[in-house]
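Descriptive analysis of the structure
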Amino acid sequence: MAPSFTWWGKETHRGTPVVVKMENPNNWSMVELEGPSEDDFLLPNDDVSSMSPYKREKVRNKNAKQLTWVLLLKAHKAAGCLTSIASALFSLTSVVRRRVAAGRTDSTDNSSTENPAVKNRFYTCIKIFLWLSVILLGFEIAAYFKGWYFSTSDLQLQYLYSLDFHTFANPLAVQSVFDWFYSKWVLIRVEYLAPPLQFLANGCIVLFLIQSVDRLVLCLGCFWVKMKKIKPIAKQGAMDLESGDGSGYYPMVLVQIPMCNEKEVYQQSIGAVCCLEWPKSRLLIQVLDDSDDPITQTLINEEVRKWQKEGANIIYRHRVIREGYKAGNLKSAMNCSYVKDYEFVTIFDADFQPMPDFLKRTVPYFKDNEDIGLVQARWSFVNKDENLLTRLQHINLAFHFEVEQQVNGIFLNFFGFNGTAGVWRIKALEESGGWLERTTVEDMDIAVRAHLHGWKFIFLNDVECQCELPESYEAYRKQQHRWHSGPMQLFRVCLPAIIKSKISIWKKGNLIFLFFLLRKLVLPFYSFTLFCIILPMTMFVPEATLPSWVVSYVPATMSFLNILPAPKSFPFIVPYLLFENTMSVTKFNAMVSGLFQLGSAYEWVVTKKSGRSSEGDLTLLVDGKPKHQRGVSVPDLEELREEIKEKEKKASRKKKHNRIYTKELALAFLLLTASLRSLLSAQGIHFYFLLFQGISFLLVGLDLIGEQVD
């Protein structure tokens with residue numbers, strides 16, 4: 001027997017409920033609460049046949065009305081989407097117009113110590129390429145409409161040779177000037193331009209593949225570490241300070257906070273370090289202030305005095321002769337007579353906030369391990385989701401810590417010191433020659449020299465120290481210039497020491513070929529040369545070609561591997577790939593200046609901090625929600641409240657400006673010109689790559705990524 005349903009037990013569908021909200025007659029919206037089901041539009045034959053003709057017509061009308069409402073709703077949503085897109089484009093156009101009207105370019109930056117002639121040399125080369133490409137584009141378009149265009153697959157060289165021979169045999173033959181010029185241009189590029197360009201392209205492809213294999217090996221090593229759960233193991237750690245038995249491993253530790261005009265973040269770093277859980281009699285904090293601003297000096301000194309009153313063992317040092325940047329500052333502090341009483345030194349940059357148990361989780365790794373010279377913690381970022389620029393930086397740095405440093409630390413016991421959030425054995429520093437001011441990467445310098453003296457390093461992936469990422473492209477650009485110029489300076493000066501050192505040949509090869517050449521020189525070289533120069537040139541010299549797998553598949557695979565340590569960043573994989581190629585301009589320029597000791601090789605600009613995390617901490621304090629490891633003394637809440645208000649007033653009065661970056665902008669037009677040329681030869685993947693890469697250069701050149709800069 002078929003199951004019977006009663007009217008009170010049957011769930012009926014009443015179509016799509018639509019709520020019309022009307023706050024006022026001129027402002028209304030519709031909200032769809034439930035989508036229509038098939039039963040709303042199609043009824044079973046039994047039900048239809050059992051209905052009266054009037055009821056059947058009523059149901060049809062009802063369903064038609066519901067469908068009309070749904071279509072209207074969808075149309076309303078589409079109109080709203082189009083309106084938002086139009087509004088975004090309008091605001092973007094306004095921003096670009098303001099950028100151009102302001103006329104502020106990177107060449108107007110007076111803070112740089114670089115020779116203007118040297119600084120503009122690279123930009124001049126790019127402009128030459130751009131103008132040549134524009135001329136050739138016009139030439140190719142004219143040839144295309146005259147029927148003279150030949151793609152690489154059906155280049156009619158015999159026809160061109162016969163045409164030249166016919167002209168030579170019969171000088172009176174009628175031939176247009178354009179035809180003669182175009183035929184000569186094709187023959188010149190076939191015989192003289194294509195071979196060297198193809199040779200250079202093949203060389204860059206080989207370097208690209210070698211670097212990709214190195215990246216793949218690192219990822220496999222990281223996978224092995226995760227699968228086998230390999231991690232450094234410390235000896236018996238420090239005992240609880242509250243136990244009262246006096247036992248535990250508590251060596252003498254010196255903590256240094258080097259800073260220079262860091263008025264946005266000095267409070268958070270000093271407050272966090274003063275809250276480290278370590279016996280006060282075995283801990284000394286040095287605030288190494290290199291500020292040249294008297295107001296900043298006074299503020300930092302007052303902050304140190306407040307913590308001294310709270311019982312912290314902290315001192316303030318300011319150099320009279322400020323030479324050698326950060327390396328000179330650290331070297332001066334290590335020359336103090338009382339340093340000989342300490343066994344370890346910990347360094348925190350001004351924007352770093354260690355957790356209270358930082359020393360308890362790092363120092364025990366030195367116990368009974370006399371060959372350990374450095375214990376390095378990884379960084380975490382308080383503003384990684386602030387804007388697109390910080391998200392892309394987080395992808396790079398997550399790979400650097402999770403893959404590069406962790407794998408090298410476990411399998412090689414060596415990696416580049418990050419300059420902060422690390423604990424050094426003072427004996428290792430002294431035996432390695434101490435801090436030297438010969439490069440702008442003093443942290444990598446001391447790490448290489450310590451490695452040559454046989455010291456081993458440990459990287460702790462599970463110990464994090466909070467810090468801040470640059471939020472503006474200007475600050476990030478200057479940071480990357482220093483990070484890629486310094487290694488090339490260091491390679492020049494330390495190569496003889498590496499060759500003469502007593503370490504194994506395998507370790508020498510790792511330092512020279514992998515650590516320096518492949519990861520510091522080859523990567524920026526091929527990224528810029530292959531994707532920003534050779535690829536556009538192959539559009540105008542189509543006899544030299546780049547395979548599709550070089551343009552798309554291998555870069556996409558490498559980007560996928562890079563983004564694995566930051567899985568939440570997968571939606572940004574395409575912007576990441578394009579932005580990395582965009583940054584290759586800055587990295588290539590820095591690499592060349594460091595390798596050949598050009599004007600900007602020794603340029604040092606302190607990375608601009610926003611103090612975003614410290615502002616949040618102060619706000620919590622003012623609201624009566626103190627954070628012990630980040631806070632400052634309670635009696636000064638009123639003063640802090642006034643200081644926050646004053647900062648907000650000053651910030652609201654400041655007019656913010658953005659710069660136009662000439663190199664990136666010139667390359668944007670070069671790539672977009674090449675993408676137009678690729679349309680003539682119907683090269684699909686090359687066209688899309690050049691188009692989107694040109695757009696990314698355009699966005700960066702107009703400073704539309706990251707925050708505005710004061």
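- As annotated in an unreviewed UniProt entry, the chain is Glycosyltransferase 2-like domain-containing protein from Solanum stoloniferum.
- According to UniProt, the comment filed for the chain under the heading Subcellular location (unreviewed entry) is "Golgi apparatus membrane".
- The Sequence similarities (unreviewed entry) comment attached to the chain in UniProt states, word for word, "Belongs to the glycosyltransferase 2 family. Plant cellulose synthase-like C subfamily."

1. Examining helix H10 (residues 388-411)
- Taking 1.5 Å per residue, 24 residues should reach 34 Å; H10 reaches 34 Å between its end C-alpha atoms and fits that length.
- At His400, H10 is deflected by roughly 30 degrees, the largest bend along its length.
- Of all 24 residues in H10, 19 are buried, a share of seventy percent or more.
- Among the residues of H10, the N-terminal cap falls to Asn387, whose side-chain oxygen and the backbone nitrogen of Leu389 are separated by 3.0 Å.
- Looking one or two places after H10, you find Asn413, whose phi comes out positive at around 55 degrees.

2. Description of the sheet that holds strand S4 (residues 283-289)
- In space, the seven strands of this open sheet follow the order S5-S4-S3-S6-S8-S7-S9, with mixed pairing throughout. Looking along the sheet, the strands with just one partner apiece sit at the ends: strand S5 (314-318) and strand S9 (456-467). Taken over all neighbouring pairs, the strand axes of this sheet differ in orientation by 20 degrees on average, direction set aside.
- Relative to strand S8 (residues 422-425), strand S7 (residues 372-381) is paired through three bridges, and the arrangement is antiparallel. By the bridge assignment, Gln376 is partnered in S8 with Gly422.
- Together, strand S3 (253-259), S4 and S5 form the strand contacts of helix H7 (residues 294-309), whose direction differs from that of S5 by roughly 160 degrees.

3. What about the nonpolar core?
- Counting residues in hydrophobic clusters, the biggest one holds 85 residues, and the most contacted among them are Ile270, Ile314, Trp424, Val448, Phe457 and Phe516.
- If you tally residues by element for this core, the top one is S9, at seven residues.
- Not counting chain neighbours up to four residues away, the residues in contact with Phe457 comprise Leu374, Gly409, Asn413, Phe414, Phe415, Trp424, Ala447, Ala450 and His451.
- If you look at the next biggest cluster of nonpolar residues, it comprises 59 residues, including Phe178, Leu218, Cys222 and Ala674.

4. Here's the deal with the pairing of S8
- Burial along S8 is two-sided: the residues Gly422 and Trp424 and Val423 and Arg425 are all buried.
- Where strand S6 (residues 344-347) and S8 come together, four bridges link them in antiparallel fashion. Residue Val345 lies in a different strand from S8, and its bridge partner there is Trp424.

5. Comments concerning the UniProt feature "transmembrane region" (unreviewed entry) in the chain
- Here, the residues flagged by UniProt with the feature "transmembrane region" (unreviewed entry) are residues 128-145, 199-225, 511-540, 660-679 and 685-705.
- The annotated region residues 128-145 carries 100% helix and 0% strand content, and the separation between its end C-alpha atoms amounts to 26 Å.
- Secondary structure over residues 685-705 splits into 81% helix and 0% strand, and the C-alpha atoms at its two ends are 26 Å apart.

So, how was this worked out
Along each chain, residue indices are assigned from 1 in the same order as the chain's sequence is written. Reporting of local features is limited, given that this is a predicted model, to residues whose pLDDT is at least 70; pairs of side-chain atoms are given and counted only at 80 or more, and all residues count toward the totals for whole chains, interfaces and linings. With hydrogens and water stripped out, all remaining heavy atoms of the structure feed into the side-chain values. UniProt positions are given in the numbering used here, feature names are shortened, and annotations may be inferred rather than shown by experiment. Runs of H or I in DSSP of at least four residues are treated as helices and runs of E of at least two as strands, each being numbered from the N terminus. Helix span is expected to be 1.5 Å times the residue number reduced by one. Fitting one axis to the seven residues ending at a residue and another to the seven starting there, the bend at that residue is the angle between the two axes. Categorising residues by exposure relies on relative accessible area from a 1.4 Å probe, with only protein chains included: less than 20% of the type maximum marks a residue as buried, more than 50% marks it as exposed, and the intermediate range marks it as partly exposed. Polar contact is defined as a pair of N or O atoms within 3.5 Å, subject to the rule that within protein one atom must be able to donate a hydrogen and the other to accept it, and that residues adjacent in sequence are counted only when both atoms are side-chain atoms. When DSSP finds at least two bridges between two strands, those strands are taken to pair. The angle between two axes is taken between their N-to-C directions and runs from 0 to 180 degrees, where each axis is a line fitted to C-alpha atoms and a helix contributes only its stretch in contact. Residue contacts are counted whenever heavy atoms from the two residues lie within 4.5 Å of one another. Each nonpolar core is a collection of buried residues, namely Ala, Val, Leu, Ile, Met, Phe, Trp, Tyr and Cys, held together in the definition by side-chain atoms within 4.5 Å.

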